[in-house]
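Understanding the architecture of this molecule
The lines below spell out each chain.
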Protein chains: 2
Amino acid sequence: MTARISDDEFTPRQSAVLECALELLVAGGEKALTTAGVARAASCSKESLYKWFGDRDGLLAAMIAYQASKVRAFSDDGGMMDAARFRAHLVDFAHDLLQVLAGDVSLALNRLAIGQASREGNRLARLLIERGRRRIDSRACALLEAGMRRGLIRYEDRDDVYHTLYGLIVRDLHVRMLLGEEGARRPIHFADQAERAVERFLALFAAREEERAGGI
Amino acid sequence: MTARISDDEFTPRQSAVLECALELLVAGGEKALTTAGVARAASCSKESLYKWFGDRDGLLAAMIAYQASKVRAFSDDGGMMDAARFRAHLVDFAHDLLQVLAGDVSLALNRLAIGQASREGNRLARLLIERGRRRIDSRACALLEAGMRRGLIRYEDRDDVYHTLYGLIVRDLHVRMLLGEEGARRPIHFADQAERAVERFLALFAAREEERAGGI
DNA sequence: AATAAATCGTACCGTACGGTACGGTTCTGT
DNA sequence: ACAGAACCGTACCGTACGGTACGATTTATT
C-alpha cells in the first residue's frame, strides 16, 4: 500500500527530498526520475525513500501532493464590486492561470501524469486534477457567481460559461507548452492574452446596460 | 541515424507492423510499447524492426508519420458560400476537430509525445505538430479566410481569431482527455459543443448585417 | 551517558528492456 | 531452377532500474 497520501503533511526532510525530486523531474523528465537519482540528489538513502513513500508511484503521488500544498488557495472578492473591478478580477485570474500553467513544475507534473494516463486507475492524473485543478476552478466559479449575483454577467450553466472562459484564455496554449513548443512559453504575451480573453468573454456574457440596474 | 522519415512511404508489411505497434500503444501506453512486444504482436523479428526504423525512437517517429499519412487533408470550400453555409462549415470543422482529438490513436500519440517532450530536441512532439496539426490549422485558416473574403466575418489577425475559435471549441477538453478523465470522452456531446462554440464564435466575429453587403 | 530509533551509503538481486547475432525459411529476380 | 536477399524466430548480451538488506552513523529519548 502506497503510503498515506491523504495526510499531505511532510516532514521538513521529506519536503527537501521532494523538492530535489521535482528538480530532477523538471530537468530531465520522467526518465531522469530514478529512485537512485533522487536518493543521490537529495543525499538520502533509497531505503528511506521506500519507507516514506512506499514505492516509486507513491513518490510520484507525493510529489504532486507536495507541489499542490505549496499553492495557496485564493479567496478574493468579499468587498463590493462594480463592473470595472469585476473585469480587473477576471483579467487577474486569466493572467494567473496562464502563469501557473506555464510554470516549469506544473508542466513537468502534467507531462508525468499524462504519460502515465494510459495505465489503469489513472491515480496520478486524478490526483493532479483533484489537487491542482479544483483550486483554480473554485476560484473562477466563485468569481463568476459573484458577477452573476451582482448582475454584471448573465448565464444559465455556470460550468459551461466557466469552461468557455477557460478556453478563451488558454486556447491550445497548454497542449503546445506540454509538447515543448518553444514559442508557446512567452510570458511577455500573457498580459495581452489575458486582456483579450476577458474582452471577448465579456462581449459574450456581460449583461446589457439596461439589465445591470435591476431585475430580469 | 534514425532511418529516413522524410519519405513517409511504408511497405505494406511495414504498415501492418506499425498498425500493430499503434494498437499496442493505445492498449497499454508507452510502457507497453517494447520492441519485443511489437515484434511478437506483428509476427516479425526484432532485427527487421531495427533494420526498418533504426532504433526505438525511429519506430515511434514512424508510427506518428504513418498515422498522419492516414488522415487525408480536406480541401472543402470552392463553391459559393452564404452565411448559413459558412456557419455549417464551421460547425463541421468543430465537430471533426473534437472527434479527431478524442480518437484513441490521437490521444495515445499525444501522450507519447508529451511524455517525451522534456528530452532535448523534442523530435516526436515537433513531428506530431508538423504532421498532425498543420492539416487542421490550414483547413481552418482557409475556411476563415474564405469567410473574411466574402465579408461574413471580420478580423485583423487571422492566427489570433483561429486560436480563439480553437479555444471556444476545445476548451480544456483535450488536456482532460489526455489525463484520462472518464467523463471527458463523451462523443455524444460533441455535436452540441460544436454548435455552441460556433454560435459564440460568430457572436464575436460575424460581420454585422450592414457590413455584409458591401465594403468597409 | 546510554539506549533506541531513524537515517545514510553502499552493495546486492532479479528482471526487463534495447540492441545484436545467427541459423533456418520464405520470397524474389533471372 | 537456382542464387541471393529479405525475413522470421530465438537466443544472447549488457545495462539500467526498482526494490531489499545491512552495517555504520547520526539523532532523539530518558
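Residues numbered from 1 in each chain as written. Chains lettered and ligands numbered in written order. Predicted model: local features only at pLDDT ≥ 70, side-chain atom pairs only at ≥ 80, totals over all residues. Heavy atoms only, no water.

1. Side note on the overall build of chain A
Regarding its fold elements, chain A presents 11 helices and 0 strands. Starting at the N terminus and ending at the C terminus, chain A contains elements arranged as α-α-α-α-α-α-α-α-α-α-α. Evaluated residue by residue, chain A yields a buried proportion of 49% over its 216 residues. Of the contacts made within chain A by residues no fewer than 6 positions apart, 75% connect residues no fewer than 24 positions apart. Put simply, chain A shows about 10,600 Å² of open surface, and 51% of that area lies on carbon and sulfur atoms. (Helix = DSSP H or I, 4+ residues; strand = E, 2+ residues; numbered from the N terminus. Buried < 20%, exposed > 50% of the residue type's maximum accessible area, 1.4 Å probe, protein only. Contact = heavy atoms within 4.5 Å. Areas by Shrake-Rupley, 256 points an atom, 1.4 Å probe, with all protein chains shown as cover.)

2. Observations concerning the protein's contact with DNA strand D
Lining the immediate surroundings of DNA strand D are 15 residues, of which K46(A), E47(A), Y50(A), R56(A) and R13(B) lie closest. In DNA strand D, atoms within 4 Å of the protein come 54% from sugar and phosphate. A distance of 2.5 Å separates a base oxygen of DNA strand D from a polar atom in the side chain of K46(A). A distance of 2.9 Å separates a phosphate oxygen of DNA strand D from a polar atom in the side chain of S48(B). Elements supplying a minimum of two residues to the surface near DNA strand D: α3 (46–53) of chain A together with α3 (46–53) of chain B. For the surface near DNA strand D, the element with the highest residue contribution is α3(B), accounting for 4 residues. Across the surface near DNA strand D, the residue classes break down as 3 nonpolar, 5 polar and 7 charged. (Near = heavy atom within 4 Å. Polar contact = N/O pair within 3.5 Å; in protein donor to acceptor, adjacent residues only side chain to side chain. Nonpolar A, V, L, I, M, F, W, Y, C, P; charged D, E, K, R; others polar.)

3. Thoughts on the protein's contact with DNA strand C
Around DNA strand C there are 14 residues in total, and R13(A), K46(B), E47(B), Y50(B) and R56(B) lie nearest to it. The protein-proximal atoms of DNA strand C, defined as those within 4 Å of the protein, are 51% sugar or phosphate. The separation between a phosphate oxygen of DNA strand C and a polar main-chain atom of S43(A) is 3.4 Å. Here a phosphate oxygen of DNA strand C sits 3.4 Å away from a polar atom, N or O, in the side chain of W52(A). Sorting the residues of the surface near DNA strand C by element identifies α3 of chain A together with α3 of chain B as the ones contributing at least two each. Partitioning the surface near DNA strand C into residue classes produces 3 nonpolar, 5 polar and 6 charged.

4. Points about the interface of chain A and chain B
Listed as interface residues are 36 residues of chain A and, on the opposing side, 36 residues of chain B. Regarding the contact of chain A and chain B, the summed buried area is about 3,200 Å², with carbon and sulfur atoms giving 61% of it. If you sort the residues of chain A by the area they bury against chain B, I114(A), R171(A) and L179(A) come out on top, with a joint share of 20%. Where chain A packs against chain B, one counts 8 salt bridges. With a shortest N-O distance of 2.5 Å, R171(A) and D160(B) are connected by a salt bridge. (Buried area = accessible area lost by both parts, 1.4 Å probe. Salt bridge = Lys/Arg side-chain N within 4 Å of Asp/Glu carboxyl O.)

5. Details of the relation of the copies chain A and chain B
When chain A is fitted onto chain B, the two copies agree to an RMSD of 0.0 Å after a turn of 180 degrees and an axial shift of 0.0 Å. The superposition of one copy onto the other is thereby described by a two-fold rotation axis. Comparing interface residues between copies, 100% of those in chain A also lie at the interface in chain B; the contact surface is shared. (Least-squares fit on C-alpha atoms with pLDDT ≥ 70 in both.)

6. A word on the state of the cysteines
Applying the stated criterion to the full structure yields 0 disulfides over all chains. No disulfide involves C44(B); its nearest neighbouring cysteine sulfur is the one of C20(B), lying 8.3 Å away. (Disulfide = S-S within 2.5 Å.)

7. Focus: the packing of helix α5 (residues 83–101) of chain B against helix α10 (residues 190–205) of chain B
All names here are of chain B. Two elements in contact, α5 and α10, have axes whose closest approach is 8 Å; the angle formed by their N-to-C orientations is 130 degrees. In terms of orientation, α5 and α10 fall into the oblique class. Note on packing geometry: the crossing formed by α5 with α10 is right-handed. In this structure, α5 uses F86, R87, L90, V91, A94, H95, L98 and Q99 to contact α10, whose residues at the interface are F190, A191, Q193, A194, E195, V198, E199, F201 and L202. A breakdown of the residues in the contact of α5 with α10 according to their chemical character gives 11 nonpolar, 3 polar and 3 charged. (Axes fitted to C-alpha atoms, helices over the stretch in contact; angles between N-to-C directions. Parallel < 35°, antiparallel > 145°, perpendicular 65-115°, else oblique. Left-handed = near helix turned anticlockwise from the far one by under 90°.)

8. Observations concerning the packing of aromatic side chains
Residues and elements named next belong to chain B. In total, this model carries 8 aromatic pairs over all chains according to the counting rule given. Ring plane angle 80 degrees and centroid distance 6.3 Å describe the contact between Y162 and Y166, whose orientation is recorded as edge-to-face. Here Y162 pairs with Y166, and both are found in helix α8 (residues 158–170), just 4 residues apart, close to one helical turn. You can call Y162 buried: its relative accessible area is 2%. (Phe/Tyr/Trp six-rings, centres within 6.5 Å; stacked < 30°, edge-to-face > 60°.)

9. With respect to the environment of L59(A)
Counting through the fold element by element, L59(A) comes out in helix α4 (residues 56–70). Residues L59(A) and T35(A), spaced 24 residues apart in sequence, show a C-alpha to C-alpha distance of 8.9 Å.

10. Concerning the packing of α4(A) against helix α6 (residues 104–115) of chain A
All names here are of chain A. Closest axis-to-axis distance for the α4/α6 pair is 11 Å, and the angle between their directions is 145 degrees. In the crossing of α4 with α6, the sense of the turn from one axis to the other is left-handed. Residues L60, M63, I64 and Q67 of α4 form the contact with α6, whose participating residues are V105, L109 and L112. Its residues assigned to classes, the contact of α4 with α6 comprises 6 nonpolar, 1 polar and no charged.

11. Let's talk about helix α1 (residues 12–32) of chain A
Residue and element names in this part refer to chain A. Here α1 is 21 residues long, yet its end C-alpha atoms lie only 24 Å apart, well below the 30 Å a rise of 1.5 Å per residue gives. At V26, α1 shows its largest bend, some 90 degrees. For α1, every residue scored as buried is listed here: Q14, S15, V17, L18, A21, L22, L25 and G29. Looking at the packing, one finds that the buried side of α1 touches α2 (35–42), α3, α4 and α6. (Expected span 1.5 Å × (residues − 1). Bend = angle between axes of the 7 residues up to and from the residue.)

12. Let's talk about the side chain of D172(A)
Residue placement: D172(A) occurs in the loop between α8 (158–170) and α9 (173–178). A distance of 2.9 Å separates the side chain of D172(A) from the side chain of R176(A), its partner in a polar contact. In contact with D172(A), not counting residues within four places along its chain, are R133(B), H163(B) and Y166(B).

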